[in-house]
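Summary of structural features
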Amino acid sequence: MSRRLRLCVFGVGALGLAALLVWGLAGLPSFGEFDGHYGQLLAHMTVPERKATSSISVTTFDFRGVDTLGEEFILFTAAVGILVLLRIQRVGEDVAAEPARVRRPAADSKTLQSIAAALVAPVLVLGLYIVAHGHLTPGGGFQGGVILMTAFLLIYLAGTHLHMGRARPLDAMEISEALGAAGFALLGIRGILLAGAYLQNFISFGMVGSLLSGGDIPLLNVSVGLEVMGALLVVLGELLDQRLLMRRDSR
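The structure contained in this document is the topic of the report that follows. (Residues numbered from 1 in each chain as written. Predicted model: local features only at pLDDT ≥ 70, side-chain atom pairs only at ≥ 80, totals over all residues. Heavy atoms only, no water.)

This brings us to the overall build of the protein. Assigned secondary structure in the protein consists of eight helices and zero strands. Secondary structure elements of the protein, listed N to C terminal, follow the sequence α-α-α-α-α-α-α-α. Expressed as a percentage of the 251 residues in the protein, the buried residues total 36%. In the protein, once contacts between residues fewer than 6 apart in sequence are set aside, the share between residues at least 24 apart is 71%. With the model as given, the accessible surface of the protein reaches about 14900 Å², and the carbon-plus-sulfur share is 69%. (Helix = DSSP H or I, 4+ residues; strand = E, 2+ residues; numbered from the N terminus. Buried < 20%, exposed > 50% of the residue type's maximum accessible area, 1.4 Å probe, protein only. Contact = heavy atoms within 4.5 Å. Areas by Shrake-Rupley, 256 points an atom, 1.4 Å probe, with all protein chains shown as cover.)

Attention shifts here to the packing of aromatic side chains. By the definition in use, this model includes two aromatic pairs. Between Phe61 and Phe184, the ring centres sit 6.3 Å apart and the planes meet at 40 degrees, which makes this aromatic pair tilted. With Phe61 in helix α3 (residues 55–63) and Phe184 in helix α7 (residues 170–195), this residue pair connects regions lying 123 residues apart in the sequence. In terms of burial, Phe61 and Phe184 fall into one category: buried. Seen from their ring centres, Phe73 and Phe76 are 5.8 Å apart, and the 65 degrees between their planes marks the pair as edge-to-face. Of this pair, Phe73 and Phe76 both sit in helix α4 (residues 65–89), separated by three residues, roughly a single helical turn. With relative accessibility at 23%, the residue Phe76 sits in the partly exposed group. (Phe/Tyr/Trp six-rings, centres within 6.5 Å; stacked < 30°, edge-to-face > 60°.)

In structure tokens:
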């Protein structure tokens, strides 16, 4: 096939794809409008039936809680896969045995260290707030878990891990990840035992606007927050171990 013919075929394919995209997007509603009956039904059921003010969290952790359980275990499986692959590569290595005299802060800039150390507490409080209020305001376990992980990352960037016995408590991170994943699944089983269906609510819904409202949705948010924080910290800790090994081997 000549070069000119290949260009013609490519051009016709590109035009066809563009026409298909235009045709597919032509029937979409205007920006900010939504005419889905399922979404409208969920929005109207959130407050009167679940006593929560975040329809997204109610949908995520209640109406389609089984899907969320699958999403949580996708992250759990991905973190475990990274652990297996990276630890196989360093069989017999021991990062913790690295001499203390060659360890350096993550950041050489005193300004960066000071800012990172000052932000640890506010970011930690923000993460806890996002997790705890996930059924009332935008956020929840997934978003709050990422913020909580960021607080521990700031500890590393500030260089304060040099004053700890170990830079990264991987055992605690792995326990957090396991507790979060197991907690979500066990809450679902508790629903079978006490309410007759998996992930069926078995706690009083409380009053609208209260922190202790929404039934078991706040507990599910906490479970997801622990799992997301633990999984991301485990992955980050393993990558940092790899970095320390590479630095040690290069000397």
